[in-house]
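# Residue-level structure breakdown
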Protein chains: 2
Amino acid sequence: MDLLKRAEKALEFHFERAAGLGAPPRLVEAMRHAVFSGGARVRPQLVLSVAMACGEDAPELTDAAACAVELMHCASLVHDDMPAFDNADIRRGRPSVHKAFGEPLALLAGDALIVMAYQVLLNAGKSDPERLVALMHALSAGVGLPSGIVAGQAWECEVKADLGQYQRAKTGALFVAATCSGALCCASDAGPWATLGASLGEAYQVADDIRDVMGQAILLGKPSGQDVLHARPSAASELGLDGAMAHFQSLIELAIASIPECSYRELLQQLVRREAERLVPSAAFAEFKRQSMLAPQSMSA
Amino acid sequence: MDLLKRAEKALEFHFERAAGLGAPPRLVEAMRHAVFSGGARVRPQLVLSVAMACGEDAPELTDAAACAVELMHCASLVHDDMPAFDNADIRRGRPSVHKAFGEPLALLAGDALIVMAYQVLLNAGKSDPERLVALMHALSAGVGLPSGIVAGQAWECEVKADLGQYQRAKTGALFVAATCSGALCCASDAGPWATLGASLGEAYQVADDIRDVMGQAILLGKPSGQDVLHARPSAASELGLDGAMAHFQSLIELAIASIPECSYRELLQQLVRREAERLVPSAAFAEFKRQSMLAPQSMSA
C-alpha cells in the first residue's frame with residue numbers, strides 16, 4: 001500500500017475509534033471537516049516512512065503515531081484560520097471550519113482534536129506503555145511549550161521574535177515530532193531523525209513565505225499575502241525572494257543529507273525531493289521571476 | 001499541609017517544569033493569568049483527597065494528576081470566556097485572558113494548557129508507565145470525545161440536547177476524571193470513585209444554573225444571566241428554581257453516600273458538604289427566595 005493511502009486509512013480507523021459513541025454530532029462533523037479535506041498528509045507519511053526505515057515492528061502503533069501528528073496539524077489549522085488569527089474563509093479550496101460551522105464549534109473542534117491525538121495513541125499503545133510514553137513526549141514537545149507549534153504561533157504575538165526560532169517552532173517542531181515518532185514507535189533512537197524533521201519543517205515555512213509572495217491563491221487553496229497583511233516574520237521579506245529560495249533549497253539539501261543510512265534511504269530522499277517540488281514548483285517559480293523582471297512593480301507584494 | 005496549599009504548590013512546581021525555557025513570554029504570562037487567579041482548586045483537592053483515601057504511595061504522581069485536571073479546567077475557562085462563547089470580560093474578579101492579552105493569545109493559551117496537562121503527567125510518570133497511561137486515559141475521557149467537557153460545551157451548539165447528558169459532560173466529566181485519577185495514581189480501582197465525581201460535577205452545573213438565576217454577579221466574580229442570554233439548557237429553567245435546588249441537594253447527598261468505606265471517608269464527606277455550602281450558600285438562597293416572594297416579578301430573570 002502506498003504511504004498516502006495507508007495514512008488515510010489509518011486516519012479513518014483511528015478517528016472513528018477515538019470519537020466513540022454519543023458525541024455531539026455537529027462537533028464530530030466539524031472535526032471530520034477539518035481532518036478529511038484532501039490534505040497532503042506529509043507529516044503522517046514522514047512518520048510511516050521513518051518507521052519503515054527503522055524496521056517497523058508495531059504497525060498499529062505506527063499508524064496511530066502518524067494519525068496523532070496529523071490530528072495536531074489539523075487542530076492548528078482550524079485555530080489558525082479563525083478570525084483571531086488569519087481570518088481565512090477558505091482552506092484547501094473549501095470553507096474553513098469556522099466558516100462552515102461557526103466560531104464556537106471551530107474552537108471546540110480544535111480543542112477536541114488535540115485531545116483526540118492523545119486518545120489515538122492511548123488506544124493503540126496498550127501493549128507497550130514504554131513506547132507509548134516516548135511517543136507522547138515527542139508529540140507534546142512538537143505542540144506545546146516551550147517550542148512546539150503553539151509556541152511558534154504565539155511568537156507572532158510578541159513584540160520581538162527571532163525568525164529562525166519562530167520558524168523552527170511554528171512548523172519545524174511538528175515535523176521533528178513526526179520523524180522522531182517514526183523511530184520511537186519501533187523503539188529506535190529518535191536522535192538521528194531530528195535533523196530531517198527540523199530542516200524539512202523549516203523548509204515548509206520558508207516555502208509558505210515564498211508562495212505567500214508569489215500569490216498563488218488558487219494553487220494553495222487559501223488566501224495569499226497573509227504575511228504582509230498580518231506583519232508576520234517572513235523569510236521572503238527578510239531575505240528577499242531569491243534569498244528565501246536559496247535558503248529553501250539549502251534546507252532541502254540538509255534534510256536529504258541528514259537521512260541516516262538505512263534500506264529506505266533512497267525512498268525517503270525521493271519523498272523529500274517530491275515534496276520540495278510540490279511546495280515550490282520550479283517552473284512556477286521561474287515563470288514568476290520572469291514576469292517580475294518584465295514588471296518589477298509586482299514585486300512589491 | 002492542607003489540600004488547597006498542596007494543590008497550589010504543586011501547580012507552581014509543575015507549571016514551571018512543563019513550561020521549560022525559551023517559550024514566548026507573553027504566552028506564558030497569559031497561561032499563568034489563567035491558572036494562578038485564585039480558583040477554588042476543587043478538582044485538584046478531589047484528586048488529592050481520593051488519593052489519600054486510596055493509600056497514596058506516589059505523591060509526585062498524585063500532585064501531577066491534580067495539576068493536570070486543574071490545567072484542563074483552566075483551559076476550558078479561557079476558551080469558554082472568549083467572544084465565540086460567553087464573551088465574558090471578567091473571571092474571578094479579574095479581566096478574562098482574552099480581555100487582558102487579546103483573543104489570539106487566549107486561543108493559544110487554552111491550547112497550550114491542554115498540552116501542558118499531558119506534559120505534567122508525562123514529566124512525573126516516568127517511573128511507572130502503567131499508572132501514567134491509566135491517568136492519561138482518565139484525563140482524556142474527561143475532556144475529549146465522546147463525553148468529556150469539550151463535548152459538553154459542544155452540546156450547546158446542537159439543536160437538541162438532553163439536559164442530563166449535557167450537564168454530565170460539560171462539568172461532570174472532569175470531576176469524574178478527578179476522582180478516578182485520585183485512585184489511579186495509587187494503582188487503585190477507579191470504579192468505586194466515579195459516582196462521587198459524576199454527582200458532584202452535576203451538582204456544580206446545577207448550582208451554576210441556580211446562581212445564574214440568583215444573579216450573584218458580584219459573589220461569582222463573573223457575569224450572570226448567561227444561560228438565558230445564550231439560550232443554554234439550564235436546570236433552573238427546566239425544573240424551576242425550587243426544583244433545581246432540590247435536585248442540587250439530592251446530588252450532594254448522592255455524592256456523599258457514594259464515598260467508599262475508607263479512613264478518609266469523613267474528611268471527604270466534609271469536603272463535599274463545605275463545597276455545597278460554598279456553591280449555593282443556604283442563607284443567600286433563603287434571602288433570595290424571601291425577596292422573590294415579596295416581588296414575584298423578579299423571578300422572571
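See the structure above.
Keep in mind that this is a model prediction, so the values were computed, not measured.

Attention now moves to the overall build of chain A. Secondary structure assignment for chain A yields 15 helices and two strands. The C-alpha radius of gyration computed for chain A amounts to 19 Å, which stays within 12% of the reference 19 Å derived for 301 residues, consistent with globular compactness. The C-alpha extent of chain A, read off along each of the three principal axes, is 60 × 50 × 35 Å. Scored against the burial criterion, the 301 residues of chain A give a buried share of 59%. Contacts in chain A between residues far apart in sequence, at least 24 positions, make up 71% of those at least 6 positions apart. Summed over all atoms, the accessible surface of chain A reaches about 11400 Å², with 56% contributed by carbon and sulfur. Computed over 26 positive and 35 negative side-chain charges, the separation of the two mean positions in chain A equals 4 Å.

Across the boundary between the two partners, chain B contributes 50 residues, which contact 49 residues of chain A. Of the roughly 4300 Å² buried between chain B and chain A, counting both surfaces, carbon and sulfur atoms make up 77%. Between chain B and chain A we count zero salt bridges in total. Taken together, chain B and chain A are joined by eight residue pairs in polar contact (both at pLDDT 80 or more). Broken down by secondary-structure element, the contributors of at least two residues to the side of chain B that touches chain A are helix 1 (3–19), helix 2 (25–35), helix 6 (103–124), helix 7 (129–143) and helix 8 (149–154) of chain B.

Attention now moves to the pattern of salt bridges. What the rule picks out here adds up to 34 salt bridges over all chains. A salt bridge links R41 of chain A to E70 of chain A; its shortest N-O distance comes to 2.9 Å. On the criterion of sequence distance, the pair formed by R41 of chain A in the loop between helix 2 (25–35) and helix 3 (42–53) and E70 of chain A in helix 4 (residues 59–81) is long-range, its members being 29 residues apart. Taken as a pair, R41 of chain A and E70 of chain A share a single burial class, namely buried. Of the charged contacts in the structure, one is a salt bridge between R6 of chain B and E56 of chain B, with a shortest N-O distance of 2.5 Å. With a gap of 50 residues between them, R6 of chain B in helix 1 and E56 of chain B in the loop between helix 3 (42–53) and helix 4 (59–81) connect regions that are remote in the sequence. You can call R6 of chain B buried: its relative accessible area is 15%.

What follows is about the relation of the copies chain B and chain A. Expressed as a screw operation, the relation of chain B to chain A combines 0.0 Å of axial shift with a rotation of 180°, fitting to an RMSD of 0.0 Å. In short, the pair behaves as if placed about a two-fold rotation axis. Of the C-alpha atoms belonging to chain B, the one lying closest to the rotation axis is found on P129 of chain B, 2.9 Å away. Comparing contact sets, 98% of the residues at the interface of chain B also lie at the interface in chain A, consistent with an isologous, same-surface contact.

Moving on, we get to the packing of helix 1 (residues 3–19) of chain A against helix 4 of chain A. Residue and element names in this part refer to chain A. Here helix 1 crosses helix 4 at 85°, and the two axes come no closer than 9 Å. By the angle between their axes, helix 1 is roughly perpendicular relative to helix 4. Two secondary-structure elements touch here, helix 1 through R6, A10, L11, H14, F15 and R17 and helix 4 through P59, E60, T62, D63, A64, C67, E70 and L71. Looking at the contact of helix 1 with helix 4 residue by residue, the classes come out as seven nonpolar, two polar and five charged.

Now for the environment of L268 of chain B. Residues and elements named next belong to chain B. Position of L268 among the secondary structure elements: in helix 14 (residues 265–279). Spatially, the C-alpha atoms of L268 and A84 are 37 Å apart, while their sequence positions differ by 184 residues. If near-sequence neighbours (up to four positions away) are discounted, L268 is found in contact with S49, V50, A53, W193 and I259.

All names here are of chain A. Per the stated rule, a full pass over the model turns up five aromatic pairs over all chains. The interplanar angle of 70° and the centroid separation of 5.6 Å between the aromatic rings of F15 and F36 together place this pair among those described as edge-to-face. With F15 in helix 1 and F36 in the loop between helix 2 and helix 3, this pair connects stretches of sequence that are 21 residues apart. For F15, a relative accessible area of 1% corresponds to the buried category. Relative to Y204, the ring of F175 lies with its centre 4.6 Å away and its plane at 45°, an arrangement referred to as tilted.

Bringing the state of the cysteines into the picture now. Scanning the entire structure with this criterion turns up zero disulfides over all chains. Here C67 of chain A stays free of any disulfide, with the sulfur of C74 of chain A as its closest cysteine sulfur at 10 Å. For C54 of chain B, which is in no disulfide, the shortest distance to another cysteine sulfur is to C186 of chain B and amounts to 5.3 Å.

Glancing now at the environment of L241 of chain A. Residues and elements named next belong to chain A. Its place among the elements puts L241 in helix 13 (residues 235–258). Judged by relative accessible area, L241 falls into the buried class, the value being 7%. In this structure the C-alpha to C-alpha distance between L241 and L139, which are 102 residues apart in sequence, comes to 33 Å.

Calculation rules
Residues numbered from 1 in each chain as written. Chains lettered and ligands numbered in written order. Predicted model: local features only at pLDDT ≥ 70, side-chain atom pairs only at ≥ 80, totals over all residues. Heavy atoms only, no water. Helix = DSSP H or I, 4+ residues; strand = E, 2+ residues; numbered from the N terminus. Rg over C-alpha atoms; globule rule 2.2 N^0.38 Å. Buried < 20%, exposed > 50% of the residue type's maximum accessible area, 1.4 Å probe, protein only. Contact = heavy atoms within 4.5 Å. Areas by Shrake-Rupley, 256 points an atom, 1.4 Å probe, with all protein chains shown as cover. Lys, Arg positive; Asp, Glu negative; His and termini not counted. Charge placed at Lys NZ, Arg CZ, Asp CG, Glu CD. Buried area = accessible area lost by both parts, 1.4 Å probe. Salt bridge = Lys/Arg side-chain N within 4 Å of Asp/Glu carboxyl O. Polar contact = N/O pair within 3.5 Å; in protein donor to acceptor, adjacent residues only side chain to side chain. Least-squares fit on C-alpha atoms with pLDDT ≥ 70 in both. Axes fitted to C-alpha atoms, helices over the stretch in contact; angles between N-to-C directions. Parallel < 35°, antiparallel > 145°, perpendicular 65-115°, else oblique. Nonpolar A, V, L, I, M, F, W, Y, C, P; charged D, E, K, R; others polar. Phe/Tyr/Trp six-rings, centres within 6.5 Å; stacked < 30°, edge-to-face > 60°. Disulfide = S-S within 2.5 Å.

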